[in-house]
Amino acid sequence: MIPLSWYLTFAAALFSIGLFGALSRRNMVAILLGVELMLNAVNVNLVAFWRYGDVAQMAGQVFAIIVFAVAAAEVAVGLALVISVYRRHNTVIAEELDLMKW
Amino acid sequence: MTTENLIWLIPLPPLISFALIVLFTNKNKALSHTVAISAAFLSWLGAMIVFVRALGVEHFGEHPFASSINWLPTGDTWLKVGVLIDPLGAAVLFFVAWTILMIFLYSVGYHNFGQPAGDHDHAGLPPHGATVHGHTVLSVEPMYSRFFAFISLFAFGMFTLVVSDSLLTLFVGWEIMGLCSYLLIGFWYAKPSARAAGIKAFMTTRIGDVFMLLGIAFLYSVTGTLSFREIFTEEILHTLASVPSGVFGLSAAGLIGLLLFIGTVGKSAQFPLHVWLPDAMEGPTPVSAMIHAATMVSAGVYAVIRMFPLLSMDEKTMTVVAFIGAFTAIFAATIAVAQNDIKRVLAYSTISQLGFMIAALGIGAYVAAAFHLITHAFFKALLFLGSGSVIHGMEHGVFHTGNHKVDPQDMFNMGGLKDKMPITFWTFLIGGFALSGFPLVTAGFWSKDEILADAWGHHHYIVFATLAIAAFFTAFYTMRQITLTFLGSPRTEEAKHAHETPWTMTTPLVVLAFFAVTYGWVGIPEHFPVLGPLVNNNWFHDFVGHTLEHVPEAPEFSWIPLLTSLVVALGGLGLGWFVYKDVKSVEQDKFQISFLKNKYYFDELYEVVFINPAYWVAENVIYKFMDQGVIDGVLHIFGPVTDKIGSAIRNYFDVPVVNQFIGDGSAEVAWWFGKNLRPIQTGRIQQYFILSLVVIFVVGGLLYYILTLA
């Protein structure tokens, strides 16, 4: 069986890629993509820990499904915001949206 | 390699090709199509090896190639994922692999590979031509690689669906194709009509898919399995047939069958969910061929043929299936008569031919439905690719004259293309004759005749009559199309300068034309006069029939259906030629009936019945009532009340008490803090991100220190 640490390393790598993407990309859609990657890295961890822990306990899987649902909702709201921002300001570049800046 | 392992591998190359093109080769057009066509070729090779090995197995129906592994634990049991190739699967795999490979090859020529980049082309619009030495020539598609990526994914979906051994993986492939059809119909996304067509196709098929998923869920809750081989056992089928479902007095088998059938109605564009398919013509022509012949709509019919043992458990469901099929067949055939766009005629013809298959299935003609599915896939892919070739040739003419007002898809702008595009003409003629059921030589004749013979032999006279009339219309509009497009003399300057297309486009036409003729010969009925004894037995019926536990009986030979199909095919072709041979312009066409031209006003009807009420509800109920009335109303109560409370506090507490005795010290402290914290409020979301990251690190570090070290 593949050792647990492989999954954790993979998830950490995925998380870091997502984090890097979310921090470094200027396009809001790409930032959302980065956030998605991070959420999925967490899912990998949850499912891996479930599999290597007590398999009879479904908590890990259930938690992962909850994360899916939340992620789906988050993307729906996020993309709707991006579209509405695009319609108002004609841009999806995060830096150009500085209305809230003093 | 064992055959089972090989079957597992068949869907993979197109998926890998999709990933490769998207990730690495999308800048390089030549590399992209090489990857995609190699992948299609590998799948084709695998499919052919499997097919040949399947032919070598005795009693293949009882010992199909099957293997499965556990996939998803569901409590005590597992959802399995597996592959199954039985006689039906092998026959379907054969045509799917051939048509997909041919369409891939054709796409290279269709998207003008090797031509210069256009002068004003940009992504999301069809190419507009490039100027070379003062001449306008066809220009290469700007999103060439993207196209090959999408059709690769499409091919993956179809192969997955065909090799799957359970409804679960079938549904996965089904949905992948739904997505790809959306992406490809809306391929030229900068055209509003293409965008709308993509959305329409996706939404309409989605209606069917939801019902299908319900059917799958119901089936799973009753039987606890989704695997075909486990469901189609005597025991489970009887349980399903005897359990009442509580809806319309149907048995569980009947209701599940009906729900799955609604999925097919969406996917295979049967009445009343047929509206998306003609609009799907907005996509590039190889996509139309892909959707209308090789994959999507065939998948729908394949799914119901696959579920036939379940469907046939309930008479009522079968009646519904037969009715919908026969009605769609004649309904779409009449619309096709009045269409002027070369691709739209074929679109309605597809709907109508799918109706033939569904009707055949509804009267229990299992083998005939499968036979027509396969022959139709060959000749309809041929016709679509042929029409694409015609349009391509006409575009050549349009660029030559420079008159861009001429629609290269309108058949009344064509005429006389026979001499300009000989290969396209002869192959299109073969495809058209196969579609009309031209006697003896074409594949369409044998499959259509088998459906009619089955309908007659099993005493379904209404279905028989309906399909016979629909077949007459089919022959008529096919000949109308051929006459208007290829025969006579050119009606426009553009048609005079049309040009034969490159070999990448004509080769697939020739190959498909070969199958459009020869594939019919594998299913010649045993008792057919003269030819029957020659071939000795009906190979196709023997082979595919053994998919079922009880091999269906071929109907007794009768002259009535045979003569009927001869009369309608030849009569329709002859009349079509006679009426249209001298038609010079659209005004002389007697069949421009507005009722038919506007497709019985179904789009308008749905607009009024479904779309406008949905907008009305969104506007009036959700927005005006819910949002503005209820929610804002509640907020408007809170607003003034808070305002009142606030001003009361201000007037009776703040001003007299606080200002009097405490002074402005606290406000000044808050102001000072605010002023100094202001720089971190940059308004840039990513800086907030970093800040929260730093906080998480610091707090995490502290927690770690406290919990472990201290």
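Chemist: What is the right way to read the overall build of chain A from this model?
Modeler: In terms of regular secondary structure, chain A is built from 3 helices and 0 strands. The order of α-helices and β-strands along chain A, N terminus first, is α-α-α. Here the C-alpha radius of gyration of chain A, 17 Å, is well above what a compact globule of 102 residues would show, namely 13 Å. Each principal axis of the C-alpha distribution contributes one length, and for chain A these read about 50 × 25 × 20 Å. Counting every position in chain A, which comprises 102 residues, the buried fraction comes to 12%. Here the analysis covers contacts within chain A between residues at least 6 apart in sequence; of these, 50% occur between residues at least 24 apart.

Chemist: What exactly am I supposed to notice about the overall build of chain B here?
Modeler: When you go through chain B residue by residue, the secondary structure sums to 30 helices and 4 strands. Relative to its 710 residues, chain B shows a buried fraction of 50%. Relative to all contacts within chain B whose residues are 6 or more apart in sequence, the contacts with residues 24 or more apart total 77%.

Chemist: Could you clarify how one ought to interpret helix H10 (residues 252-267) of chain B in this entry?
Modeler: The end-to-end C-alpha distance of H10 of chain B is 23 Å, a good match for the 22 Å that 16 residues give at a rise of 1.5 Å each. With 16 of 16 residues buried, H10 of chain B lies mostly within the body of the structure.

Chemist: When you look at the pairing of strand S2 (residues 77-85) of chain B in this model, what are you seeing that I'm missing?
Modeler: Each regular strand shows side chains that alternate between the opposite faces of the sheet. All names here are of chain B. Sheet topology places strand S1 (residues 65-74) next to S2; 9 bridges connect them, and they run antiparallel. For Ile69, the partnering residue across the bridge sits in S2 and is Val81. Taking the residues that link successive antiparallel strands as the turn, the S1-S2 hairpin has 2 residues, and the phi of Gly75 there is positive, at about 70°.

Chemist: What am I meant to see in the nonpolar core here?
Modeler: A general feature of soluble globular proteins is that nonpolar side chains tend to end up buried together. Residues and elements named next belong to chain B. If you look at the biggest cluster of nonpolar residues, it comprises 212 residues, and the most contacted ones within it are Phe378 and Leu467. Residue contributions to this core peak at 21 residues, all from helix H17 (residues 366-401). Not counting chain neighbours up to four residues away, the residues in contact with Leu467 comprise Ala326, Ala329, Phe356, Ala359, Ile451, Leu452 and Ala455.

Chemist: Help me out: how do you make sense of the domain arrangement of chain B in this one?
Modeler: One widely used convention gives an interface's size as the accessible area the parts lose upon coming together. Split into domains, chain B comes out as domain 1 (598-663) and domain 2 (678-710). Summarising the inter-unit geometry, the C-alpha centres of domain 1 of chain B and domain 2 of chain B are found 37 Å apart.

Chemist: Any chance you could explain unusual backbone geometry here in plain terms?
Modeler: Backbone phi values are negative for most residues with the exception of glycine, while trans is the configuration of most peptide bonds. The omega torsion across Phe271 of chain B and Pro272 of chain B is 5°, close enough to zero to call that bond cis. Here Pro272 of chain B lies in the loop between H10 and helix H11 (276-279). Although it is not a glycine, Asn90 of chain A adopts a positive phi angle of roughly 60°. Within the secondary structure, Asn90 of chain A sits in the segment after helix H3 (59-89). On the basis of neighbour counts, which here come to 8 C-beta atoms within 10 Å, the residue Asn90 of chain A falls in the exposed class.

Chemist: Just to check I follow, could you spell out the packing of helix H4 (residues 87-110) of chain B against helix H23 (residues 503-518) of chain B for this structure?
Modeler: Angle between the axes and distance between the axes: these two values describe a pair of packed helices. Residue and element names in this part refer to chain B. Here H4 crosses H23 at 155°, and the two axes come no closer than 7 Å. Relative to H23, the element H4 lies roughly antiparallel. In this structure, the crossing between H4 and H23 has a hand that is left-handed. Each of Trp98, Met102, Leu105, Tyr106, Val108, Gly109 and Tyr110 in H4 lies in contact with H23, whose residues at this interface are Thr504, Met505, Thr507, Pro508, Val511, Leu512 and Phe515. Residue composition of the contact of H4 with H23, by class: 11 nonpolar, 3 polar and no charged.

Chemist: What should I look at first to understand helix H20 (residues 443-457) of chain B in this one?
Modeler: Note: α-helices contain 3.6 residues per turn, so residues at a spacing of three or four share the same orientation. Residue and element names in this part refer to chain B. Here H20 contains 15 residues, and its C-alpha end-to-end distance of 21 Å stays within 8% of the 21 Å for a straight helix at 1.5 Å per residue. Across the 15 residues that make up H20, a large majority, 15, are buried. Just downstream of H20 lies His459, where phi reads positive at about 65°.

Chemist: What is the right way to look at the packing of helix H7 (residues 192-223) of chain B against H10 of chain B in this model?
Modeler: Residue and element names in this part refer to chain B. In contact at an axis separation of 7 Å, H7 and H10 are set at 155° when each is read in the N-to-C sense. One element, H7, and the other, H10, form an angle in the roughly antiparallel class. The hand of the H7/H10 crossing is left-handed. Along its contact with H7, which presents Thr204, Thr205, Ile207, Gly208, Asp209, Phe211, Met212, Leu214, Gly215, Phe218, Leu219 and Val222, the element H10 presents Ala252, Leu255, Ile256, Leu259, Leu260, Ile262, Gly263, Val265, Gly266 and Lys267. Here the contact of H7 with H10 is composed, by residue class, of 14 nonpolar, 6 polar and 2 charged.

Chemist: What's the story with the environment of Glu282 of chain B in this structure? I'm lost.
Modeler: Residue and element names in this part refer to chain B. Mapped onto the elements of the fold, Glu282 is located in the loop between H11 and helix H12 (285-294). In the structure, Glu282 is positioned 248 residues away from Val530 in sequence and 46 Å away in space, judged by C-alpha atoms. Apart from the residues lying within four places of it in its own chain, the contact partners of Glu282 are Ile185, Ser193, Ala194 and Ala197.

Chemist: Can you help me understand the confidence of the model for chain B in this one?
Modeler: The predicted coordinates ought not to be read in detail in places where the model reports low pLDDT. For chain B, mean pLDDT is 85; residues scoring 70 or higher make up 99% of the total. In the predicted assembly, ipTM is 0.77 and pTM is 0.80.

So, how was this worked out
Residues numbered from 1 in each chain as written. Chains lettered and ligands numbered in written order. Predicted model: local features only at pLDDT ≥ 70, side-chain atom pairs only at ≥ 80, totals over all residues. Helix = DSSP H or I, 4+ residues; strand = E, 2+ residues; numbered from the N terminus. Rg over C-alpha atoms; globule rule 2.2 N^0.38 Å. Buried ≥ 20, exposed ≤ 12 C-beta atoms within 10 Å, placed from the backbone. Contact = placed C-beta atoms within 7 Å. Expected span 1.5 Å × (residues − 1). Pairing = 2+ DSSP bridges. Core = buried A, V, L, I, M, F, W, Y, C linked by C-beta atoms within 7 Å. Domains from an automatic or database assignment. Axes fitted to C-alpha atoms, helices over the stretch in contact; angles between N-to-C directions. Parallel < 35°, antiparallel > 145°, perpendicular 65-115°, else oblique. Left-handed = near helix turned anticlockwise from the far one by under 90°. Nonpolar A, V, L, I, M, F, W, Y, C, P; charged D, E, K, R; others polar. pLDDT = per-residue confidence, 0-100.

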